[in-house]
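# Summary of the model geometry
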Amino acid sequence: MANLVNTAQPIQADGVVHNVNVITPARENTIDNTQGWSVLENATVAWQNGKFVYVGTSQSEPKFESTQTIDGQQQWLTPGLIDCHTHLVYGGNRAGEFEQLQQGVRYEDIAKAGGGIKSTVAATRTQSEDELYASAVQRLIPLINEGVTTVEIKSGYGLNIDTELKMLRVSKRIGEQLPVTVSATCLAAHAVPLEYQGKADDYLTLIIEELLPKVKQENLAQAVDVFCESIGFSAEQSKRLFAAAKALGFAIKGHVEQLSDSQGTEAVCAFQGWSADHVEYVNEAQVQQMASADVTAVILPGAYYYLKETQKPPIELFRKHQVNMAIATDLNPGSSPLGSLLTAANFGCVLFGFTPAEAFNGITQNAAKALGLANSKGKIAVGYDADCLLFQCEHPRQLIHEINLHRPTLSWHQGKERAPL
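As recorded in an unreviewed UniProt entry, the chain goes by the name Imidazolonepropionase, listed as coming from Reinekea marina. Regarding the chain, the UniProt comment filed under Function (unreviewed entry) reads as follows: "Catalyzes the hydrolytic cleavage of the carbon-nitrogen bond in imidazolone-5-propanoate to yield N-formimidoyl-L-glutamate. It is the third step in the universal histidine degradation pathway."

Have a look at this one:
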């Protein structure tokens, strides 16, 4: 593997791990990813100033001058995990509604009584920034301890200017105070709030003219998202939002084709979005558009499982047209209360037919691509951020196969060792 250092002289490094087996970058298309794992055995990896500076075999490694040297004891060194779709910040919980559903109460009746997303919006609006931060951290800790080093966090449970900004400020604070990289997304167009019922276009005007400029001014988000569906916003409304977001310099993401073919995928592709998420109902023409626009498919098996859906995303079409596939938890209070990315990867295999190698790529390098981070995250390669994990296992396929049985023995975020939280 190529290195960007002069190996004739000792390499200055903040950290060196010898005697490890390394998961190296897979080739850049899904078809190749199905063929198996890309590994480098008996390897050495080094980093300095938060970036990898050497990745190679131990037999040919240069001399290092390092402040930390570790014997990996033939464990597996993997990239840090990336959860590229979460709704981590919200108030309250909906466990009571789950209990009602299991007792036979209809969701429609729960919603009419103020449940569903309305209850989460109400709780989120009333909680302080400190309260939202504290509960979000508790939900994030299991992900960090499992090996997540980058997480996307969406707003979308405020549905007004003040609360959407509050949620995004919490997301930014998390990235500043915890050992994890946060990619924030403004999902104010998650639903039409009660005060704008029947006036979705007016609500979009509020987002476009008042909210997004403030988000940009405070640098609170990297992307703008929308729920394009019959119960959310139309494709034309989504395009209107995307045009305004793009003009302000935001990247584009979309909740699309989850419950029906609503042409949201076309909207995402028209604006060269980072990702199209859910995508259970995409057709082959839409998949071809995703391939042409280099849009990543983010697969969310937790919501499929929890909602007992029957329409599966067309994995074979994504493979056929070489669309990169990521997997994420979709961690949220209602439809995917899932706080384990490795479990989501297992679900991707069991429910949708991913190979373990595809699933692993889906929570590392393809997840990075879904966040516009393909050149800095998701791979153990020279020049990339030194986000990596050391696992004790016979082969990394066990991380995907064996549910809740693995935690990193050591973990680094941008070259700094992380202790379990």
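## Focus: the environment of L206
Tracing the chain through its elements places L206 in helix α7 (residues 200-217). Classification of L206 as buried rests on a relative accessible area of 15%. Taking C-alpha positions, L206 is 30 Å from D294, a pair spaced 88 residues apart along the chain.

## Overview of the UniProt feature "binding site: Zn(2+)" (unreviewed entry) in the chain
UniProt annotation of "binding site: Zn(2+)" (unreviewed entry) refers to H85, H87, H255 and D330 when read in the numbering used here. The largest pairwise C-alpha distance within this set of annotated residues, which runs over 246 residues, is 12.3 Å, so the set is compact in three dimensions. By the element assignment, H87 lies in the loop between β8 (81-83) and α2 (95-102). Residue class for H87 comes out buried when judged on its relative accessible area of 3%. Each residue touching H87, except ones within four places of it in the same chain, is listed here: K154, S155, Y157, L187, H190, H255, D330, L331 and N332. Here H255 shows up in strand β12 (residues 251-256).

## Quick word on the packing of aromatic side chains
Two measures describe an aromatic ring pair: the distance that separates the ring centres and the angle between the ring planes. The tally for this structure, following the rule as stated, stands at eleven aromatic pairs. With a centroid separation of 5.1 Å and an interplanar angle of 40°, the aromatic rings of Y305 and F347 are classed as tilted. Remark: F347 occurs in helix α13 (residues 341-352) and Y305 occurs in helix α11 (residues 301-306); sequence separation between them is 42 residues. A residue is classified by how much of its surface remains accessible, and Y305, at 52% relative accessible area, is exposed. Note on F347: relative accessible area 16%, which makes it buried. In this structure an aromatic cluster arises from ring pairing among W47, F52 and W412. Against the face of Y133 rests R173, its NZ or CZ located 4.0 Å from the ring centre. Across the ring face of Y196, the terminal group of K199 is positioned such that the distance to the ring centre comes to 5.6 Å.

Here is what the cut-offs are and how they apply
Residues numbered from 1 in each chain as written. Predicted model: local features only at pLDDT ≥ 70, side-chain atom pairs only at ≥ 80, totals over all residues. Heavy atoms only, no water. UniProt positions renumbered as here; feature names shortened; annotations may be inferred. Helix = DSSP H or I, 4+ residues; strand = E, 2+ residues; numbered from the N terminus. Buried < 20%, exposed > 50% of the residue type's maximum accessible area, 1.4 Å probe, protein only. Contact = heavy atoms within 4.5 Å. Phe/Tyr/Trp six-rings, centres within 6.5 Å; stacked < 30°, edge-to-face > 60°. Lys NZ or Arg CZ within 6 Å of the ring centre and 35° of its normal.

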